[in-house]
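So you can see what is in the structure, the chains are spelled out below.
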Amino acid sequence: MKILCLHGFRTSGSFLQKQIGKWDPQIVAGFELDFTAYQNLDSCISYLCDYIEKNGPFDGFLGFSQGAAIGGYLLGYQSKGLILKNHPPMKMFISISGSKFRDPTICEAAYIEPIKVKSVHFIGAKDWLKEPNEEFASAFIEPLIIRHPQGHTVPKLDEATVELLKGWIEGVVKSCSSTKEEFEAEGCAVEAMKHDPPTVREEIVLNEEC
C-alpha cells in the first residue's frame, strides 16, 4: 500500500520520518511511505493534489497535526467529488493529533457528511488540541481511537498497540483489496456506503510507561 505522509506545521517530510521512526518497523512494513514537503498552507492543497495525481495512485494518508488536518480535508473533498476526481478513493487514514480546519466554508464541504474512510486517531491526554482531536475523529465512520498519556506528539507504542495496529492494517488491506480497475467501477466506494452512521468502533488506552 502506498501512503502519503503529511508533516506538521513548520517541519518537513524528513522530520515526520524521524518521528514515525520511533514506532516498531512492523507497523509500516507493508507500506510504501512517501514523505513529501510543503510550506505555504494556502497553496499546499493544489500542490498536493497535483503531487498525488502525478505520483499515485495512493492508498491513504498518514498525518501529524496540521498534516492530519490536511489529510482530512483531502479525504472530505475527494468524497464529495470536489478534488482528485480521477484518483481512486483512498482506503485508509492514520491521524496523529489531527483536527478540522476551522474555516466554515471548508467545514461545510469537507465534514458535512461522515467521511467513509477507515481511520485510526491518536489522541494525547495532554495534547492542547485534545478536544479538536475528538471532534475530528467523530467526522469519520467508525474510527479506531488510540489514547495515550502524552501531549502533542507522535507517541511511543506498547506491544499490544503494535499488534492492534498491525491487525487493523491487515483488515484494511483485506476489505479493500480491489484493483484500480475495480475502484474505477466504484466497487469499494459502493461497499463503503453501506456503513452505519459514525460511531467509535474501538478505543485503546496506552499506559504511562509508553
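For the structure, see preceding data.
If you're wondering where the values come from, they're calculated on a predicted model, not measured in any experiment.

Thresholds applied
Residues numbered from 1 in each chain as written. Predicted model: local features only at pLDDT ≥ 70, side-chain atom pairs only at ≥ 80, totals over all residues. Heavy atoms only, no water. Salt bridge = Lys/Arg side-chain N within 4 Å of Asp/Glu carboxyl O. Helix = DSSP H or I, 4+ residues; strand = E, 2+ residues; numbered from the N terminus. Buried < 20%, exposed > 50% of the residue type's maximum accessible area, 1.4 Å probe, protein only. Core = buried A, V, L, I, M, F, W, Y, C linked by side-chain atoms within 4.5 Å. Contact = heavy atoms within 4.5 Å. Phe/Tyr/Trp six-rings, centres within 6.5 Å; stacked < 30°, edge-to-face > 60°.

In this section: the pattern of salt bridges. Between side chains of opposite charge, a pair can form as their charged atoms come close. Using the criterion set out here, one finds 7 salt bridges in the structure. The closest approach of N and O atoms between K54 and D50, which form a salt bridge, is 3.2 Å. Of this pair, K54 and D50 both sit in helix α2 (residues 41-55), separated by 4 residues, roughly a single helical turn. Exposure remark for K54: the relative accessible area of 63% places this residue in the exposed category. The closest approach of N and O atoms between K130 and E134, which form a salt bridge, is 3.4 Å. Taken as a pair, K130 and E134 lie in helix α5 (residues 130-137) at a separation of 4 residues, close to a single helical turn. For K130, a relative accessible area of 30% translates into the label partly exposed. Residues joined by salt bridges that share partners form a network here, namely K100, R102 and E135.

A few words on the nonpolar core. With 32 residues, the main nonpolar core has L4, I52, F61, I70, L74, L75 and F93 as its most contacted residues. Looking at this core, the elements with two or more residues in it are β1 (2-6), α2, α3 (66-79) and α4 (104-110). Among the elements that make up this core, the one with the highest residue count is α3 (7 residues). Excluding residues within four positions of it along the chain, L4 makes contact with D34, T36, L48, Y51, I52, F58, G60, F61 and L62. Grouped together as the second largest cluster of nonpolar side chains are 24 residues, L16, I20, V120 and W168 included.

This part is about unusual backbone geometry. Look at the link from G56 to P57: it is a cis peptide, with omega at 10°. Considering the arrangement of structural elements, one finds P57 in the loop between α2 and β3 (60-64). A positive phi angle, near 60°, is found at R10, a position not held by glycine. As for its placement among the helices and strands, R10 is situated in the loop between β1 and α1 (13-20). For R10, a relative accessible area of 76% corresponds to the exposed category. A positive phi angle, close to 55°, is found at S65, a residue other than glycine. With respect to the helices, strands and loops of the structure, S65 is situated in the loop between β3 and α3.

On the secondary structure map, L48 appears in helix α2. Taking the C-alpha atoms as reference points, L48 and G71, separated by 23 residues in sequence, lie 9.9 Å from one another. Sequence-distant contacts of L48, defined by excluding residues within four places in its chain, comprise L4, L6, T36, Y38, I70 and L74.

Attention now moves to the packing of aromatic side chains. Counted under the stated rule, the structure contains 8 aromatic pairs. Pairing Y73 with Y77 gives two aromatic rings, centres 4.2 Å apart and planes at 15°, and the pair type is stacked. Here Y77 and Y73 lie together in helix α3, a separation of 4 residues that amounts to about one turn. Plain terms: the ring middles of F93 and F140 are 5.4 Å apart, the flat faces sit at 25° to each other, and that makes the pair stacked. Residue F93 is located in strand β4 (residues 92-96), and its partner F140 is located in the loop between α5 and β6 (144-148); the two are separated by 47 residues in the primary sequence. With respect to burial, F93 and F140 carry one shared label: buried.

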